[in-house]
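# Understanding the architecture of this molecule
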Amino acid sequence: MGNRKKPKYKIGDTVVITIYGTVGKITDVKWLDGKYVYEVNKSDGLFNDSALQLLSEYEGVVMEQEQIDIEYSFFFGDLVQVSGYGADLFKVVGFRTEIWRYKEDAWEDVIYELSRVSDGEWLEAGEEELTLVADAENADTFIQKLGLLYLVNKQEKVVENPKVQNMIRKAEFEEIERKKEKKELIDNLLDIFNDYRILYEMFQDQEYYQVMRVILRKLESLVSNDGKSHV
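Residues numbered from 1 in each chain as written. Predicted model: local features only at pLDDT ≥ 70, side-chain atom pairs only at ≥ 80, totals over all residues. Heavy atoms only, no water.

### What to know about the nonpolar core
Quick note on the threshold: Only buried Ala, Val, Leu, Ile, Met, Phe, Trp, Tyr and Cys residues count toward a nonpolar core, and they belong to the same one when joined by side-chain atoms within 4.5 Å. Only protein chains enter the accessibility calculation, which uses a 1.4 Å probe; a residue whose area is less than 20% of its type maximum is buried, one above 50% is exposed, and one in between is partly exposed. Secondary structure counts use DSSP, requiring at least four H or I residues in a row for a helix and at least two E residues in a row for a strand, with both numbered from the N terminus.
Counting 19 residues, the largest nonpolar core has Leu79, Val133, Phe142, Tyr196 and Ile215 as its most contacted members. Residue assignment for this core shows that the elements contributing at least two residues are strand E10 (130-134), helix H1 (136-159), helix H4 (182-203) and helix H5 (206-225). In terms of residue count, H4 provides more of this core than any other element does, 7 residues in total. Membership of the second largest hydrophobic core comes to 11 residues, among which are Phe90, Val92, Leu123 and Leu130.

Here is the structure:
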């Protein structure tokens, strides 16, 4: 132990990793299997004496290390729309950066991996193709509101069928009336209407406008007829 030689490099030395031609600083020195090994720039790899050389003594060509800062516009769980897919909603489930370097040109592409809310279909899209509808924190609440609208629409269609009208009114419809107060239903519909109004103002998509009209008709029916449907 007393005869152990001193390490060739010390923490803080600026060295060249000769096999790569890249420059870094010694951030740790370890004694491993009877020899010193060195950590450079807090990386996971360790280098021995022969793989390193002080920058001041290095005579080879030093490769410049490029540091790329990527700003992402969307993150995991965000709810988005994709150009060319109408009013379909997608969730961001992953993203990656593709780096392109040529002699006289360079750029980076951010590719987002998406899952369609309605059926789980997987899709890849570039950043310029996406429009944020709701961030990850509010995405589930937004989807729940859409689900409520779907249930209200479905209920209306079933009640309009004369073959099952009486049965629905006596059983399922009465149970819904007991569980859902009129005010809560109106509040929920107003929330959905406001969400679609914002979307319509953003995208001018007629699908959103039609949904707004449907909601208004339902609200008028609830207010004037105490929530009862008439066929």
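### Description of the side chain of glutamine 81
We apply this condition: In this analysis, two residues are considered to be in contact whenever any of their non-hydrogen atoms come within 4.5 Å of each other.
Relative to the elements of secondary structure, glutamine 81 occurs in strand E6 (residues 79-82). Apart from the residues within four sequence positions on either side, glutamine 81 is in contact with Gly86, Ala87, Asp88, Leu89, Glu129, Leu130, Thr131, Val133, Phe203 and Tyr208.

### Some thoughts on the pattern of salt bridges
Our working rule: Throughout this description, the term salt bridge denotes a Lys or Arg side-chain nitrogen within 4 Å of a carboxyl oxygen of Asp or Glu.
Evaluated as defined, the whole model comprises 9 salt bridges. The partner of aspartate 88 in a salt bridge is arginine 116, and the shortest N-O contact between them spans 2.9 Å. Taken as a pair, aspartate 88 in the loop between E6 and strand E7 (90-101) and arginine 116 in strand E8 (residues 106-116) lie far apart in primary sequence, 28 residues in all. By relative accessible area, which is 28% here, aspartate 88 ends up partly exposed. On the basis of relative accessible area, arginine 116 is assigned to the buried category, the value being 14%.

### Details of a nonpolar patch on the surface
For clarity, the cut-off: Patch definition: residues above 30% relative accessible area lacking any salt bridge, with like charges linked at up to 9 Å and the nonpolar side chains Val, Leu, Ile, Met, Phe, Trp and Tyr linked at up to 5 Å. Method for areas: the Shrake-Rupley scheme with a 1.4 Å probe, in which residue coverage is limited to the protein chains shown.
Together, Trp100, Tyr102 and Trp107 make up an exposed nonpolar region whose accessible area comes to about 320 Å². You can see tryptophan 100 is positioned in strand E7. Overall, the relative accessible area of 32% leaves tryptophan 100 in the partly exposed class.

### Some thoughts on the sheet that holds strand E3 (residues 35-40)
Rules: Paired strands are those between which DSSP finds at least two bridges.
Taking strand neighbours across the sheet as the criterion, the 5 strands line up as E4-E3-E2-E1-E5 in an open arrangement whose pairing is antiparallel. Every other strand in the sheet has two partners, leaving strand E4 (46-47) and strand E5 (52-54) as the edge strands with one partner each. When strand E1 (residues 14-17) meets strand E2 (residues 22-32), the two strands line up antiparallel, connected through 4 bridges. Bridge assignment links valine 16 to a residue of E2, and that residue is valine 23.

### Some remarks on the confidence of the model for the chain
Formally: Think of pLDDT as the predictor's per-residue confidence, scored from 0 to 100.
The share of residues in the chain with pLDDT of 70 or more is 74%, and the mean pLDDT across the chain is 77. Within the chain, strand E9 (residues 122-126) carries the highest mean pLDDT (92), whereas helix H2 (residues 165-170) carries the lowest (53). Long-range and interchain partners of residues 227-231, a stretch whose pLDDT sits below 50, account for 13 contacts in this model, where long-range means more than four residues apart.

### Remarks on the packing of aromatic side chains
By convention here, two paired aromatic rings are described through the distance between centres and the angle between planes. This is how it is decided: Note on aromatic pairs: the rings of Phe, Tyr and Trp (six-membered ring only in Trp) are paired at centre separations within 6.5 Å, and the planes decide the class, stacked below 30 degrees, edge-to-face beyond 60, tilted for the rest.
Under the counting rule described, the total for this entry stands at 8 aromatic pairs. Considering the side-chain rings of tyrosine 9 and tyrosine 38, the 5.4 Å spacing of their centres and the 75 degrees angle between planes classify their relative orientation as edge-to-face. Within this pair, whereas tyrosine 9 is found in the segment before E1, its partner tyrosine 38 is found in strand E3, the two being separated by 29 residues in sequence. Across the pair, exposure class does not vary: tyrosine 9 and tyrosine 38 are buried alike.

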